[in-house]
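Examining the three-dimensional arrangement
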2 protein chains.
Amino acid sequence: MADIGRHKLQVKPLESTASLKTAAYVALKRAIAEMDIYDQSQEVRLDERQLCDALGVSRTPIREALALLEQEGFVRSQPRRGIFIVRKTRAEIIETIVVWAALEGMAARMAAERASDEAIRDIAATFDDIPPESLNERLDEYSDANVRFHQAIIRASGCTLIGELVENIVVHMRGVRKVAMRHDGRAEQSLAEHREIIQALQNRDGDRAEKLVREHNLGLARHVEEHCDDLD
Amino acid sequence: MADIGRHKLQVKPLESTASLKTAAYVALKRAIAEMDIYDQSQEVRLDERQLCDALGVSRTPIREALALLEQEGFVRSQPRRGIFIVRKTRAEIIETIVVWAALEGMAARMAAERASDEAIRDIAATFDDIPPESLNERLDEYSDANVRFHQAIIRASGCTLIGELVENIVVHMRGVRKVAMRHDGRAEQSLAEHREIIQALQNRDGDRAEKLVREHNLGLARHVEEHCDDLD
DNA sequence: ATTTCAAATACCGTATACCAAATACTTTTC
DNA sequence: GAAAAGTATTTGGTATACGGTATTTGAAAT
């Protein structure tokens, strides 16, 4: 049946249309992640019916997607007021970073104790392309390497659950990090700390790797606490 | 209008009718939490319409509640098969405990470093009612104290986000802990470890408190890994 | 008796209609 | 003219209807 005469059956790529719900979910999440919320002056309000028109679907899948996003903390629905993109308060941001530090610290410990030498090498290689002297001219590039570095540690830990949890946190913190990295000297200090972390991982020193990663992230929390009075 | 003649306006208790969605959500979550999933031999299937009849609402709020529960990992929806209560595999349980250890360890560190003496006293007082000699006769009572102890640490940390995250984990782990605690000697060892944790908190030794709490929870993970081959 | 195919049924995803509540605007009265 | 009340519009919550697909069951043929 799959082969009649010379004609091969061309299997269509299937389009992988998971469902309108998930399609709406990823579309909205992308939109929220890409918009720098903390640059906006006032709260962003989402209109259900407007989104329906924009995405060409009915309210049901939109509402399901919004419910998911609300539980993940990206939007907040006020009964008869509307649905708003949440801007975390400074206190909430700090708590989020604390959780992040705890999870990534644990991941670093596990990576030091259990990851393959190969995985450790991958982590160390993340910054090979970035010469330290041209750091401040290539902040975007460094920022990407930064993200890859942290992802590599979590991957090396072998704990996929930590990966899932941190993924959402990173999306939340995107805007915050971007602001923080521009402040003076943070990029250099960040790079130096990364070097230490790599050292600890190569030495298979779980205690030290955990401590360094934790302090590295808590440093961001402290930075936000001191320098970001404008938030909220 | 609120006071006509002798008649005072009787303000109704308001019924706290949040919404059918959330009502269905808490009802289902309660039901899931109370049923010991790991004792059941086969998977538990949920029927949407049946739930509609049982709760007396339409499919919409039920579906919204189920969507939330699915994202929290309590149920899993298979396209045309039905909705099943998830039984985590052993690997998933261990990953969950690892995350738990990371979060609660961080909470212990923060409690040691920043909590009031009052809060520390509250933590220490959790086990005052439990005489160590009658431990095994009063396992249920001890189990409750156990939960309060861990909650108290997190409360003392002042990080509400950790509290929210751990809350869900605890619900997931309810059944697992119940099984583990019955194994020989775990209750005694657990109590001894709690004493050490209290010591560290009173000494304001964040490093040690974190380490002890982490190891305490990872001990449960190791226990599950070794002794619970029956789970999946 | 077993296997295969078709029809029917069950169920999920989606759309839509309806309702209640809240806000905004207009009208009326003082 | 201002304030209050009522009405209208907006919007989210809930119910329900519809369509498509998968699963199951029954019948027929080998």
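A quick note: this is a predicted structure, and the numbers were derived from the prediction, not measured.

**What to know about the sheet that holds strand S3 (residues 45–46) of chain A**
Backbone hydrogen bonds are what pair the strands of a sheet, in a parallel or an antiparallel way. Residue and element names in this part refer to chain A. Pairing within the open sheet is antiparallel, and its three strands lie in the order S3-S5-S4. Strand pairing shows two members of the sheet lacking a second neighbour, S3 and strand S4 (75–78), which therefore form its edges. Across two bridges, S3 lies against strand S5 (residues 82–85) in antiparallel orientation. Note that in S5 the partner of Leu46 across the bridge is Ile83. Across the face of the sheet, helix H3 (residues 59–71) comes into contact with S4 and S5 while running at roughly 110 degrees to S4.

**A word on the interface of chain A and chain B**
The interface is formed by 18 residues belonging to chain A together with 18 residues belonging to chain B. Within the residue set of the side of chain A that touches chain B, elements represented by two or more residues are H3, helix H4 (90–114) and helix H7 (160–182) of chain A. No other element matches H4 of chain A, which puts nine residues into the side of chain A that touches chain B. By residue class, the composition of the side of chain A that touches chain B is twelve nonpolar, four polar and two charged.

**So, the protein's contact with DNA strand D**
Glu48 of chain A together with Leu20, Ser58, Thr60 and Arg80 of chain B are the nearest of the 16 residues found near DNA strand D. The greatest single-element share of the surface near DNA strand D, amounting to three residues, is contributed by helix H3 (residues 59–71) of chain B. Looking at the surface near DNA strand D residue by residue, the classes come out as five nonpolar, five polar and six charged.

Thresholds, definitions, all that
Residues numbered from 1 in each chain as written. Chains lettered and ligands numbered in written order. Predicted model: local features only at pLDDT ≥ 70, side-chain atom pairs only at ≥ 80, totals over all residues. Pairing = 2+ DSSP bridges. Helix = DSSP H or I, 4+ residues; strand = E, 2+ residues; numbered from the N terminus. Contact = placed C-beta atoms within 7 Å. Axes fitted to C-alpha atoms, helices over the stretch in contact; angles between N-to-C directions. Nonpolar A, V, L, I, M, F, W, Y, C, P; charged D, E, K, R; others polar. Near = placed C-beta within 6 Å.

Function cannot be inferred from these measures alone, as they are strictly geometric.
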